[in-house]
Structure formats: C-alpha cells, structure tokens
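# Fold and contact review
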Amino acid sequence: MAEQEQQTVEKKEKEPDFSDYRGVMIVVEQRYGKAKAVSWQLLGKGRELADKLETKLYALVIGHEVEHLAKEAGYYGADEVYLCDAPELKDYRTRPYSRVCLKVIHQVKPEIVLFGATGTGRDLAGAIATHLPTGLTADTTELDVEPPPSRLLLASRPAFSEKMMATILCKRYRPQMATARAGVFQALPRDESREVPIIRVENDMKEEEIAARVLEFISETGKVNLEEAEIIVAGGRGLGGPEAFGMLKELADALGGVVGASRAAVDAGWISHDHQVGQTGHTVRPKLYFAIGISGAVQHTVGMSNSEVIVAINKDENAPIFQIAHYGIVGDLFKIVPAITEAVKKKRGLPIGPLASTTGGNRA
Ligand SMILES: Cc1cc2nc3c(=O)[nH]c(=O)nc-3n(C[C@H](O)[C@H](O)[C@H](O)COP(=O)(O)OP(=O)(O)OC[C@H]3O[C@@H](n4cnc5c(N)ncnc54)[C@H](O)[C@@H]3O)c2cc1C
C-alpha cells in the first residue's frame, strides 16, 4: 500500500509532455444548415486564445449539406476548417457525431476543444471527453489561457448555486475541453475576404451501424430562443402582473424580437422560466435590449450587460439599471411602452392594432 502511494507521488511529479498537441478547435453546431450563434461567438473567443498561444484556430463542421458553414467558419476567424459532410450526419446523433469528432481530434491533436453549452453541445462534449479520456468543464462563462510554456486553459464557471466562480484546470490530459454559454463571448465581424483551407473528413459510420433513429423532429413551439434573438423586450416586477407581458409581446412583435423577463417576474409566475435573463437564467447579447420595469440587480445585469444597446424604462430615476443603459426613459411604463410600440408600428408600416390601446389602457 505504502509502495503504491509512493509510486503515485512519483508519477505525479513527472510533467507530461504535450508538445504534439497544438491549436484551438471549435466544434460548430448547426441544425438544418443553420449555425448556432454560439459557434461564431466561440470562434471569436477561440481566436483570442489561439493568438495568445501563438497557435492555429480550427473549426469542425459536421452535418449534411453544410459546406457553406465551413466557409462561414473561415469568415468568422478560423484558420482551417475540418468538414465532415454526409447524409448519415443530417440529424444530430451522439455516436456518429462523436465518432467524427474523435477522428479529427486524433488527427489534429488540438490542445483545446470548445463546444456551445447547448443540449447538443453538452451531450457531444460529454461523450467525447469520456472516450478520450480527458477533462471537461461544462457551462463556462469565462475562458482564458496561461501563456506558453504552461498553455493551460483557465475554464471558469459559476459554482455552489452561483455563489462563487470556480476556475478549473486540466493539467494532465489533452485536449482540454469546455462547453461555453451562449451570449457570453463576442463573434468577430464577418469577413468574407477570409478564404481558408477546408479539409474534408470521411464519415466512417454507416447508417446500419447507428442504433439511434430520428423519426421526426418536433420543434418546441412557443419556446423562446433568447440566446439567438437580436432584439429582446424584457419586463420585470414593475409590470405588476402577467397581463402586461402582452403589451411587451406587442412591442417585441413589432420589432421582430422576443420577450425576456427578470427573475422576480418569473418567480411571481407571470411568465415561464425560459424567458428569464440573468445569472440563473439566460445570458444574452442582443443588438437591442429593453429593460422595462426592471431595477437592474446585478444578478439580472450579468445576463444582459453585453447587449449592444440597452434601453431602460423605469419610474425610479435612481434605479441601478440606468447605470448601464445607453438610453433611459424615466416614467410610467404603462404609458411609455404603448407609445413606443405605436411609433415603431408607424415607422415600419404595420397596422396599429386595437391591442395597443387596450393593453396599455388597462393601467395607464
Ligand atoms: C442567487 C440569485 C440568483 C438570481 N438570479 C437572477 C436572474 O437570473 N435574473 C434576475 O433577473 N434576477 C435574479 N436574481 C434576483 C435579483 O437579485 C433581483 O431580485 C431581480 O432581478 C429583481 O427583479 P426586478 O428588477 O424585475 O424587480 P424589482 O427589483 O422589484 O424592480 C422593479 C422595478 O420596476 C420599477 N417600476 C415599478 N412600477 C413601474 C412603472 N409603472 N413604470 C416603470 N417602472 C416601474 C421599479 O422602480 C423598480 O425599479 C437572483 C438572485 C439571487 C440571490
């Protein structure tokens, strides 16, 4: 026993040699040929990490009829793109997708592999990490690297019910893997002049070898996709009840956006949790964020402060939300929101419906 312990100690002291592992790889997620925004956001972050490590940034695109996405990955910052395009890969299934990832990882030997922390990304990353085997940090919100020679990935995520940030290291295995939340990192501007090499990878798994079959894909109707939305109209406790969310929905519809909410509104049961923005909800990075009747508690703002333009509407001029808002309107939301909706509709040539006067009029 003592001898065994001695051996483990000695083993630990020996630094493993990872000099043949180089490069940062982003696994691009797509559905029906449309990439998830988090993939391009990760390429933006990956570019920064690769530059710090003085190494290459790779993208891996898997699917069927997805060659255009390989080009897109180049436009968003990848130096080289691996593409596996086959009919068997049309729908996401763990085994064939992880088989392709493993093949490319063995071939390229990247030191870091990143996935979006989506349902698919989590499933795929977990399957690969256990196969390799290597370490995986799930749902990270901050990523950095120690410069060479250490080259360690510093993968940070909230821990202990979001009360603290933990930075997790994977010292003895490669590649270092992480899934990262959507909306946290920023994509690089799309640059169509970037033409990068596309390396084709064969799919080795035939349909008859794949146990899982996708019979039908039923999309969740009515479920919001906050992370992909460019415009979010969010409401908080200031709305006073569930009815006023109808008024917000009208503004969101007029703008082509979706409705978000603070936790106070969700906890009150006025709207479902999938609308929640913040520390325990979604992290979002839209072009335009309306914070309506939201005070701006830090647990809310951590989820939306990276929005490009923030408009706050609040009757309390001292509400903390005004500290991060680009535009602020002090006043009663029940008067202001319908007025904005009407102005937007006029400008966009949309019919001014009866809803605008009734929902607003309830409380105004
Ligand atoms: C561990 C933890 C995790 C959390 N996670 C989240 C999270 O993910 N997301 C989140 O949002 N919160 C989260 N919270 C809660 C957070 O701390 C706040 O309690 C919450 O964000 C407050 O929501 P609110 O701004 O809607 O409500 P309030 O703070 O009550 O603010 C309501 C605002 O509406 C304004 N108002 C009222 N009436 C009107 C009117 N007629 N016109 C205009 N303005 C009006 C008021 O002036 C006020 O500023 C978390 C808390 C903890 C402890």
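One structure accompanies this document, and this report is about it. (Residues numbered from 1 in each chain as written. Predicted model: local features only at pLDDT ≥ 70, side-chain atom pairs only at ≥ 80, totals over all residues. Heavy atoms only, no water.)

### A word on the overall build of the protein
Scanning the protein from terminus to terminus reveals 11 helices and 17 strands. Over its C-alpha atoms, taken along the principal directions, the protein stretches across nearly 75 × 50 × 40 Å. Across the 364 residues that make up the protein, the buried fraction comes to 50%. Counted over contacts in the protein with a minimum sequence separation of 6, partners at least 24 positions apart contribute 64%. Surface summary for the protein: the accessible area is close to 18,400 Å², and the carbon and sulfur share equals 51%. Of note, the protein has its 44 positive side-chain charges centred 2 Å away from the centre of its 49 negative side-chain charges. (Helix = DSSP H or I, 4+ residues; strand = E, 2+ residues; numbered from the N terminus. Buried < 20%, exposed > 50% of the residue type's maximum accessible area, 1.4 Å probe, protein only. Contact = heavy atoms within 4.5 Å. Areas by Shrake-Rupley, 256 points an atom, 1.4 Å probe, with all protein chains shown as cover. Lys, Arg positive; Asp, Glu negative; His and termini not counted. Charge placed at Lys NZ, Arg CZ, Asp CG, Glu CD.)

### Comments concerning the site of the ligand
Taken together, 25 residues lie around the ligand, and Arg-237, Ser-262, Thr-280, Ser-295 and Asn-314 are the ones closest in. Between the ligand and Val-277 there is a distance of 2.8 Å, counted from a nitrogen atom to a backbone nitrogen or oxygen. Out of a free accessible area of 990 Å², the ligand has 77% covered by protein chains. Sorting the residues of the shell around the ligand by element identifies helix H7 (263-267), helix H8 (298-301) and helix H10 (333-348) as the ones contributing at least two each. Residues belonging to the shell around the ligand are distributed by class as follows: six nonpolar, 14 polar and five charged. (Near = heavy atom within 4 Å. Polar contact = N/O pair within 3.5 Å; in protein donor to acceptor, adjacent residues only side chain to side chain. Nonpolar A, V, L, I, M, F, W, Y, C, P; charged D, E, K, R; others polar.)

### A few points about the packing of aromatic side chains
Summed over the entire model, instances satisfying the criterion amount to five aromatic pairs. Where Tyr-92 meets Tyr-97, the ring centres are 5.0 Å apart and the plane angle is 70°; that geometry is what we call edge-to-face. Over the aromatic face of Tyr-21 sits the side chain of Lys-109, whose NZ or CZ is 6.0 Å from the ring centroid. (Phe/Tyr/Trp six-rings, centres within 6.5 Å; stacked < 30°, edge-to-face > 60°. Lys NZ or Arg CZ within 6 Å of the ring centre and 35° of its normal.)

### Some details on helix H2 (residues 37-53)
Helix length check: H2, at 17 residues, gives a terminal C-alpha distance of 25 Å against a target of 24 Å (1.5 Å per residue), a fit within 8%. A large share of H2 lies buried, amounting to 13 of its 17 residues. Following H2 by one or two positions, Glu-54 adopts a phi angle in the positive range, close to 50°. (Expected span 1.5 Å × (residues − 1).)

### A short note on the pattern of salt bridges
Taken as a whole and assessed by the stated rule, the structure comprises 21 salt bridges. With a shortest N-O distance of 3.4 Å, Arg-213 and Glu-207 are connected by a salt bridge. Residue classification places Arg-213 among the partly exposed residues on the basis of a relative accessible area of 49%. For Glu-207, a relative accessible area of 28% gives the class partly exposed. (Salt bridge = Lys/Arg side-chain N within 4 Å of Asp/Glu carboxyl O.)

### Section: the sheet that holds strand E7 (residues 136-140)
The parallel open sheet is built from seven strands, whose spatial order is E7-E11-E6-E1-E4-E5-E12. The two strands at the open ends of the sheet, each matched to only one other strand, are E7 and strand E12 (198-200). Direction aside, neighbouring strands of the sheet carry axes that sit 20° apart on average. Pairing analysis gives three bridges linking E7 to strand E11 (residues 176-180), with the strands arranged parallel. Pairing of Leu-136 across the sheet is with Met-177, part of E11. On top of the sheet, helix H4 (residues 94-108) reaches strand E1 (24-28), strand E4 (57-63), strand E5 (80-85) and strand E6 (112-116); it is set at about 155° to E4, its chief contact. (Pairing = 2+ DSSP bridges. Axes fitted to C-alpha atoms, helices over the stretch in contact; angles between N-to-C directions.)

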